[in-house]
Number of protein chains: 2
Amino acid sequence: MNVIQKKSRPRVKNEEAILNAAEEVFSELGFAGATTSLIAKRAGIPKANLHYYFPTKETLYQAILGKILSIWLHAAETFDDCDDPADALGRYIRAKMEISRSHPLGSKIWAQEIMHGAPHIQGSLETTLRDWTESRVKIIQRWVAEKKIDAIDPHYLLYMIWATTQHYADFEHQIGVLNEGRALSDEKYEDAMETVTRIIVQGIGVSGG
Amino acid sequence: MNVIQKKSRPRVKNEEAILNAAEEVFSELGFAGATTSLIAKRAGIPKANLHYYFPTKETLYQAILGKILSIWLHAAETFDDCDDPADALGRYIRAKMEISRSHPLGSKIWAQEIMHGAPHIQGSLETTLRDWTESRVKIIQRWVAEKKIDAIDPHYLLYMIWATTQHYADFEHQIGVLNEGRALSDEKYEDAMETVTRIIVQGIGVSGG
DNA sequence: ATTAAAATTGACCGTATGGTCAAGAAATAC
DNA sequence: GTATTTCTTGACCATACGGTCAATTTTAAT
């Protein structure tokens, strides 16, 4: 192991351990409730050592938000400028559902940040999110003009997709409670993905296929 | 004013002021981030006076959760055992959307509580939510059996309704950013309600109407 | 008017938190 | 081998928090 690094520079390894621990703790307790000493403990290092890599709790939180944003942007690319609405939406919904499955903690942190009024991601999010949304709104509007889907305001469709897909991450606990106390199996999760996709695609009256 | 109360017993008035302030602060900062002194300040009373009415922060938080639950249960009744799926779902979606509009703070607090693993509402939620959900699942399953809607697992439909309607409360801020920095007007909100209802009703293949 | 109960409030306390620091240990460079 | 940089860590500090308390005022009961 550690074949890539020639020498034992602990920076990469420690930063990763800290970021992983921080993602857990921030998602469980929120920004205010998270303590640097708990994060350090879960990362297996003393608190002072954590502050050597991340001077303040804010710095660490920003690093986490950055990681989450990059994942989110990667999924956003799957919504390409494709002729077929069913295809484009299907791919996008699946990508978002897979992120909810693989990175639920990040989704929760993001959701909390938005709920608190996005105090830590001022303009950066606003510009990025706004630009992305506007470009996708235009694509959907074109579909409407070409009568490929029903006449709807694209915003409400996007909100529905975001809300539904992220629900499987953010409300993981509640879904587990309603599933006999267990997390959804892979089979059930696949079912959920297909059902969500079908309802939305059929719901906006996609004609061609 | 104060025509009902014969004498000026400050209990009711103060508890109300405290609960309103607490709802604000808890939704903005989360349970851990909220401070009793900030809540007291917003309620216009000294901190020690707040602790006279609510001995601990936990007590106050529980009171808020109770208020939210009762509102939620009230809306839940609108999902009655009706023959017509479009009618029943339409009423339920509208009721939930109206709660998101009128009580966004409560929805945010609730969402955060779930995201953190529901540490403050152990079994009470689980039983109430589970019972309600099971009874509604059966209704939807009957619709499926009677071929009034497509064959779907009712859980995924319910999750979609919850996610979408609550998104308008929980992600209020983000929606505002994408709406030229302003909150949705009443007209747009009405549009959103209709669009959401239409996509879902059409999405599950409701036949009769 | 007197008594009892309800309500108010400034001052206070123990604890926990974010963050610092200095002293030293490891690792690298020369 | 020596100098230099990177890394580690226990001890420490100022601040802020949840909650208490006793003294006082206000209101209700008789």
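Nothing here was measured: the structure is a model prediction, and the numbers come from that model.

Moving on, we come to the overall build of chain A. Looking only at helices and strands, chain A features 10 helices and 0 strands. Each principal axis of the C-alpha atoms in chain A carries an extent, and together these give about 60 × 40 × 40 Å. By the burial criterion, 49% of the 209 residues in chain A qualify as buried. Partitioning the contacts of chain A with sequence separation of at least 6, the portion at a separation of at least 24 is 68%. For chain A, the exposed surface amounts to about 10,000 Å²; the carbon and sulfur share of it is 54%. Side-chain charges of chain A comprise 24 positive and 28 negative groups, with the mean position of each set lying 8 Å from the other.

The next point concerns the packing of helix α4 (residues 57-76) of chain A against helix α6 (residues 104-115) of chain A. All names here are of chain A. At a minimum axis distance of 10 Å, the contact between α4 and α6 shows a crossing angle of 110°. Between α4 and α6, the interaxial angle falls into the category roughly perpendicular. The crossing of α4 and α6 is left-handed. Packed against α4, whose contacting residues are Y61, I64, L65, I68 and L69, the element α6 presents G106, I109, W110 and E113 at the interface.

This part is about the relation of the copies chain B and chain A. When chain B is fitted onto chain A, the two copies agree to an RMSD of 0.0 Å after a turn of 180° and an axial shift of 0.0 Å. Taken together, the rotation and translation describe the operation of a two-fold axis. Among all C-alpha atoms of chain B, that of G203 of chain B lies closest to the rotation axis, at 1.8 Å. The overlap is high: 98% of the interface residues of chain B also sit at the interface in chain A, so the same surface is used on both sides.

Between chain B and chain A, the contact holds 54 residues from the first and 53 residues from the second. Across the chain B to chain A interface the summed buried area is about 4,800 Å²; carbon plus sulfur atoms make up 66%. Looking only at chain B, the three residues that lose the most surface to chain A are M115, Y156 and L178 of chain B, adding up to 17% of its buried area. On the surface where chain B and chain A come into contact, there are 2 salt bridges. Between R198 of chain A and D150 of chain B there is a salt bridge, and its shortest N-O distance comes to 3.6 Å. In this structure, the connection of chain B to chain A is made through 14 residue pairs in polar contact (both at pLDDT 80 or more). Sorting the residues of the side of chain B that touches chain A by element identifies α1 (10-33), α6 (104-115), α7 (122-145), α8 (154-170), α9 (172-177) and α10 (186-203) of chain B as the ones contributing at least two each. Taken together, the residues of the side of chain B that touches chain A break down into 26 nonpolar, 18 polar and 10 charged.

Summed over the entire model, instances satisfying the criterion amount to 28 aromatic pairs over all chains. Ring centres of F79 of chain A and Y92 of chain A lie 5.2 Å apart, and the angle between their planes is 45°; this geometry places the pair in the tilted category. Highlighted residues: F79 of chain A in the loop between α4 and α5 (85-102) and Y92 of chain A in helix α5, separated in sequence by 13 residues. You'll find F79 of chain A and Y92 of chain A in the same group, each marked buried. Within the aromatic cluster, the residues linked to one another by ring pairs are W72, F79, Y92, W132, W143, Y156, Y159 and W162 of chain A together with Y168 and Y189 of chain B. Lying over the aromatic face of F31 of chain B, K57 of chain B brings its terminal NZ or CZ to 4.7 Å of the ring centre. Lying over the aromatic face of Y189 of chain B, R101 of chain B brings its terminal NZ or CZ to 4.5 Å of the ring centre.

This paragraph deals with the domain arrangement of chain A. Residues and elements named next belong to chain A. Each assigned domain of chain A is listed here: domain 1 (7-55) and domain 2 (65-203). Computed over C-alpha atoms, the centres of domain 1 and domain 2 are 29 Å apart. At the interface, 8 residues of domain 1 touch 7 residues of domain 2. Counting each side, the surface lost to burial between domain 1 and domain 2 is near 620 Å², with a carbon and sulfur contribution of 63%.

All names here are of chain A. Relative to the helices and strands, A43 is located in helix α2 (residues 36-43). Of the residues examined, A43 reaches a relative accessible area of 16% and is grouped as buried. Taking the C-alpha atoms as reference points, A43 and A22, separated by 21 residues in sequence, lie 8.3 Å from one another.

Parameters and conventions
- Residues numbered from 1 in each chain as written.
- Chains lettered and ligands numbered in written order.
- Predicted model: local features only at pLDDT ≥ 70, side-chain atom pairs only at ≥ 80, totals over all residues.
- Heavy atoms only, no water.
- Helix = DSSP H or I, 4+ residues; strand = E, 2+ residues; numbered from the N terminus.
- Buried < 20%, exposed > 50% of the residue type's maximum accessible area, 1.4 Å probe, protein only.
- Contact = heavy atoms within 4.5 Å.
- Areas by Shrake-Rupley, 256 points an atom, 1.4 Å probe, with all protein chains shown as cover.
- Lys, Arg positive; Asp, Glu negative; His and termini not counted.
- Charge placed at Lys NZ, Arg CZ, Asp CG, Glu CD.
- Axes fitted to C-alpha atoms, helices over the stretch in contact; angles between N-to-C directions.
- Parallel < 35°, antiparallel > 145°, perpendicular 65-115°, else oblique.
- Left-handed = near helix turned anticlockwise from the far one by under 90°.
- Least-squares fit on C-alpha atoms with pLDDT ≥ 70 in both.
- Buried area = accessible area lost by both parts, 1.4 Å probe.
- Salt bridge = Lys/Arg side-chain N within 4 Å of Asp/Glu carboxyl O.
- Polar contact = N/O pair within 3.5 Å; in protein donor to acceptor, adjacent residues only side chain to side chain.
- Nonpolar A, V, L, I, M, F, W, Y, C, P; charged D, E, K, R; others polar.
- Phe/Tyr/Trp six-rings, centres within 6.5 Å; stacked < 30°, edge-to-face > 60°.
- Lys NZ or Arg CZ within 6 Å of the ring centre and 35° of its normal.
- Domains from an automatic or database assignment.

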